[in-house]
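# Coordinate analysis (summary)
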Amino acid sequence: MRLTLLFTLALVACKDDGTTVTDSGIVSADSGADPDEDGDGVPASEDCDDNNADVSPSAAEQCDGLDNNCDGAVDEGVLTTFYADGDADGYGDLSKPTEACEQPEGAAATGDDCDDTNPAIHPDAPETDCADPTDYNCDGSTGFADEDKDGWPACQDCDDSDAGENPDAVEICDEDDDDCDGLVDEEVTTTFWADTDTDGYGDLDFPVESCALPDGYAVNDDDCDDSDALVNPGVTEICDERDDDCDGEIDEGVTITYYADLDGDGHGDPDAPVEACALPTGHASDAEDCDDGDADISPDELELCDGVDNDCDGDLDEPDAADADIWFADDDGDSFGDADASTAACEAPSGFVGDDTDCDDADGATFPGAAPEDDAAACMTDADDDEYGDDSPSALAEAGSDCDDSDDTVYPGGAEDGGDGSDAGDGLDNDCDGYDDEGLLYGSGGDGVASVTSDTAWEDLGGACTVVSAISGAGAVTVADASDLSVGDKALLVNLQGASGKTTNVGAWELLDVAAVSGSTVTFVTAPTRTYGNSANSDLSGQSVALFRVPQLLDLSVASGAEITAEPFDGDCGGVVALVVASTARISGTVSAAALGYSGGAQNTTYASTGQSGEGTTGTGSKTYLGNGTGGGGGGLSGSSCSNCEGNGGGGGHGTAGEAGEQSNPSLGYGGVGGTTYGDVALSALTIGSGGGAGALDQSTERGIGGSGGAGGGALLLYARNLTVPSGGLLTAAGEDGEIGCAEFSNWCGTAASSPQQSEAEAGGAGAGGSLYVVSTTAVVSPDTLSAVGGLGQLSGSSWKKYSGDGGDGRVRLDLGTLNGVSASSAATEAASVCEPDPGTISAL
């Protein structure tokens, strides 16, 4: 198409010009077989573009996007290199070149920009700040040069070879311009003065400035004559009519003043002085005579307590008088003086006394005789005025025996209740024996207030029981489990049961205070005084000895309808309810040890068998109508060869003997024997009630089962400083009633009997009452609220209508201050009305 266009243009160029074209010697394109259309002298067969005269093998390559020389390459050797100019500062980045015929947009003709991201940095950029380390003109260097690395460029540093010299440096005296201010050692030189006579003192008129002391100079200008080494401030003034010591005065202080001595006592009259170089006759070297007319008055004389200034010291009768007395400081005002703080005086100074026996004059409570109960002659501290000395005084005083000298209720032998007569603890070791509140009837109150509104186990109030396996002579016991006991607890140690032939000390008991608990060993403040083994505490074999933790309550309230009770005796522990109340106990409900004692005989299930005896002091009963040891009720007699010979169980015994059970047919056999009495009225033996015997098993034709014997009452101990038991309240250690036998015919009590003769079923005997011990300073108790009675026997199912035995009554002991407002010693009638059985005479606290 390009050839056609060129041809057309040629035709247009030649149109109508009237000129005759002559042969130019150029072969026409169509004149031969190898045309040259572009007339560039290269035939089409050799020309790579025969339509463009600028393109041929002989043409020079141009930067026009064409292969001008027909070598197969376009613009080779004629392109120009440009460089990316990212910061548009006219200088490109050598690492980013591009080839082009013309300079592209965003490119530069030169590529020597050393930072193409910053337009301020390029080869033509100015560098005017010698302190700026940036190479702005890309020449590889800056005005910033810091050879000595002191942070100042050479252009601003007066010595770039010394880091100690720069504008920030402090000028020192070294003959250099350290701070580059153009001055050398300005304001840091020292002034020295010429010392011609080399006496160490300089001449004020000849100063010199220097960094160090020059030879022949001194550090001061104090010499008043620099030509004489014997004249300077260091020389002592002498009488030579010149100012030797350079103080501006001549011979000052080198003459001697003497005084007239008319009385010849060697001391002069201060009112008669004279100046001289030597002592004149009739004169003295001092002026200390206060009376130059009396040779007995002078500084050489001794001061006397005579109203005269004998020693001329200006004071009369001062402490150093020859006949003065010695007085001792009494700083604490206790009239006893400190031997280490004395003074002499003609009369006692204020705050001083003639005594020197006070060992601590800073404490008015420390002096000889302060604690006469310990040692009336010893110097002790008695700060609380209880007449016992502090056992940990200051190092100056002797130790006494008072373990708390800040409380006058605490001293050896003090009452553990603080002396208020309450017999209740105050949390202190009042008697200084190392234990708090021990031995108190009403305890420490450490278990707090108990308000019982529903049935509550004694154990939940803090009670606990553990078996004792050994008692040592050192006041300690070994127990099965000491985890419930801790220091300060009250514990009840009691022998609850023995074995056959070993009941001598059953019931031995005492309240003890726990001093220590270690493992299974519990140690008491005072060793047990009773014997708990059969003959000695070293042998507890055959004995059931227990240790009870006794709750120490501050107050106790038992609401109406609520009951406190404990676990029954199980052969090892149980059977006891013991409480100590430091303040007030009000029992509107029940505190019960009823039926917690020895168990009754068990119900028979073997044909034609005698009833089991009740448990007693020697252990579980056997199947015999006789009582068990001491006190257990006998079981009802049964026999296989007689008709209607079954008997009711006998009642257990304790304070009184239980009743014998009756035979259902009085003409045959025996009922169980009643238990015998044991224990003592004074409750030195704290025993529990025995169980009743079981009723006999019926014959095969009736097949009735005898009833179980009732359990004996346990032991109830209540210590309360103020006790109120209103009507409806109850403290009980009563025995349990006997059990009615099973009087039914077939299948051993499965179906009702068909006739009275076929319903023999003997009742069990009742348990005996236990022990009830009440201690109170003030007791207000309603009638019939204290009980330790035996249980009741039961009517058997026999046609003979006979009864099992009642349990014997237990023991009641009252230790009171007053009962219902009546003193204990006169309250027998009151006691009879509130107790069953009657305790008799009340022991007065």
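Residues numbered from 1 in each chain as written. Predicted model: local features only at pLDDT ≥ 70, side-chain atom pairs only at ≥ 80, totals over all residues. Heavy atoms only, no water.

### Here we look at the overall build of the chain
When its secondary structure is counted, the chain shows 3 helices and 34 strands. The buried share of the chain, taken over its 845 residues, is 44%. Within the chain, contacts between residues separated by at least 24 positions form 51% of all contacts whose residues are at least 6 apart in sequence. For the chain, the accessible surface area stands at approximately 38700 Å², while carbon and sulfur atoms represent 50% of it. (Helix = DSSP H or I, 4+ residues; strand = E, 2+ residues; numbered from the N terminus. Buried < 20%, exposed > 50% of the residue type's maximum accessible area, 1.4 Å probe, protein only. Contact = heavy atoms within 4.5 Å. Areas by Shrake-Rupley, 256 points an atom, 1.4 Å probe, with all protein chains shown as cover.)

### A word on unusual backbone geometry
Residues Glu836 and Pro837 are joined by a peptide bond in cis, for which omega reads 5°. Along the chain, Pro837 turns up in the loop between β33 (835-836) and β34 (843-844). You will see that Asp317, though not glycine, has its phi angle at about 50°, which is positive. Here Asp317 is to be found in the loop between β9 (283-284) and β10 (325-329). If you check the backbone angles, Asp385 has positive phi at about 55° while not being a glycine.

### Section: the environment of Gly488
Looking at the element boundaries, Gly488 is found in the loop between β18 (476-479) and β19 (490-497). Between the alpha carbons of Gly488 and Gly427 there is a distance of 9.7 Å; along the sequence they are 61 residues apart. Not counting residues within four places of it along the chain, the set of residues in contact with Gly488 comprises Val514 and Gln552.

### Some remarks on the environment of Gly266
Examined against the element boundaries, Gly266 turns out to sit in the loop between β7 (256-260) and β8 (273-276). Under the relative-accessibility criterion, Gly266 is labelled partly exposed at 40%.

### Here's the deal with the nonpolar core
Note on soluble globular proteins: their nonpolar side chains tend to be buried together. Core analysis: the biggest nonpolar cluster contains 67 residues, and Leu492, Leu556, Leu723 and Leu731 have the highest contact counts within it. Top element by residues in this core is strand β25 (residues 576-587). It accounts for 9 residues. The contact partners of Leu723, leaving out residues within four places of it in the chain, are Ala585, Ile587, Leu718, Val774, Ser776, Thr778, Ala779, Val780 and Val781. Counting residues in each nonpolar core, the second largest holds 17 residues, with Ile471, Ala491, Phe524 and Tyr532 among its members. (Core = buried A, V, L, I, M, F, W, Y, C linked by side-chain atoms within 4.5 Å.)

### Looking at the sheet that holds strand β6 (residues 217-218)
Spatially, the 3 strands line up as an open sheet ordered β5-β4-β6, and their pairing is antiparallel. Unpaired on one side and paired on the other, β5 (207-210) and β6 mark the two borders of the sheet. (Pairing = 2+ DSSP bridges.)

### Looking at the state of the cysteines
Scanning the entire structure with this criterion turns up 11 disulfides. Sulfur-sulfur distance for the disulfide between Cys173 and Cys211 comes to 1.8 Å. Handedness here is read from the sign of the S-S torsion; for Cys173 and Cys211, about -90°, the answer is left-handed. You can see Cys173 sitting in the loop between β3 (107-108) and β4 (190-194) and its partner Cys211 sitting in the loop between β5 and β6, a full 38 residues away along the chain. Under the relative-accessibility criterion, Cys173 is labelled partly exposed at 26%. Bridging Cys224 to Cys246, the disulfide has an S-S length of 2.0 Å. The chirality of the disulfide connecting Cys224 with Cys246 is left-handed, given an S-S dihedral of about -75°. Of the two residues, Cys224 sits in the loop between β6 and β7 while Cys246 sits in the loop between β6 and β7, which places them 22 residues apart along the sequence. For Cys224, a relative accessible area of 46% translates into the label partly exposed. (Disulfide = S-S within 2.5 Å.)

### Quick look at the sheet that holds β3
If you walk across this open sheet you meet the 3 strands as β2-β1-β3, and the pairing is antiparallel. Two strands lie at the open edges of the sheet, namely β2 (97-100) and β3, each paired on one side alone.

### Description of the packing of aromatic side chains
Using the criterion set out here, one finds 6 aromatic pairs in the structure. Judged by centre distance (5.2 Å) and plane angle (10°), the rings of Phe336 and Phe367 are stacked. Taken together, the positions of Phe336 in the loop between β10 and β11 (338-345) and Phe367 in strand β13 (residues 366-368) put the pair 31 residues apart, joining distant regions of the chain. Since its relative accessible area comes to 22%, Phe336 is described here as partly exposed. Grouping aromatic residues by their ring pairs yields a cluster made of Trp509, Tyr719 and Tyr773. (Phe/Tyr/Trp six-rings, centres within 6.5 Å; stacked < 30°, edge-to-face > 60°.)

### Quick word on the pattern of salt bridges
Tallying each qualifying case throughout the model produces 7 salt bridges. Taking the shortest distance from any N to any O, the salt bridge between Lys490 and Asp513 comes out at 3.0 Å. Taken together, the residues span a long stretch of sequence, with Lys490 in strand β19 and Asp513 in strand β20 (residues 509-518) at a distance of 23 residues. Residues participating in the shared-partner salt-bridge network are Asp228, Asp240, Arg242 and Asp244. (Salt bridge = Lys/Arg side-chain N within 4 Å of Asp/Glu carboxyl O.)

### Let's talk about the confidence of the model for the chain
Averaged over all residues, the pLDDT of the chain equals 86, while 90% of them reach at least 70. Within the model, pLDDT remains below 50 along residues 1-31, and this stretch shows 10 contacts once partners closer than five positions in the same chain are excluded. Below pLDDT 50 for its whole length, residues 743-748 participates in 24 contacts with residues either more than four positions away or in separate chains. (pLDDT = per-residue confidence, 0-100.)

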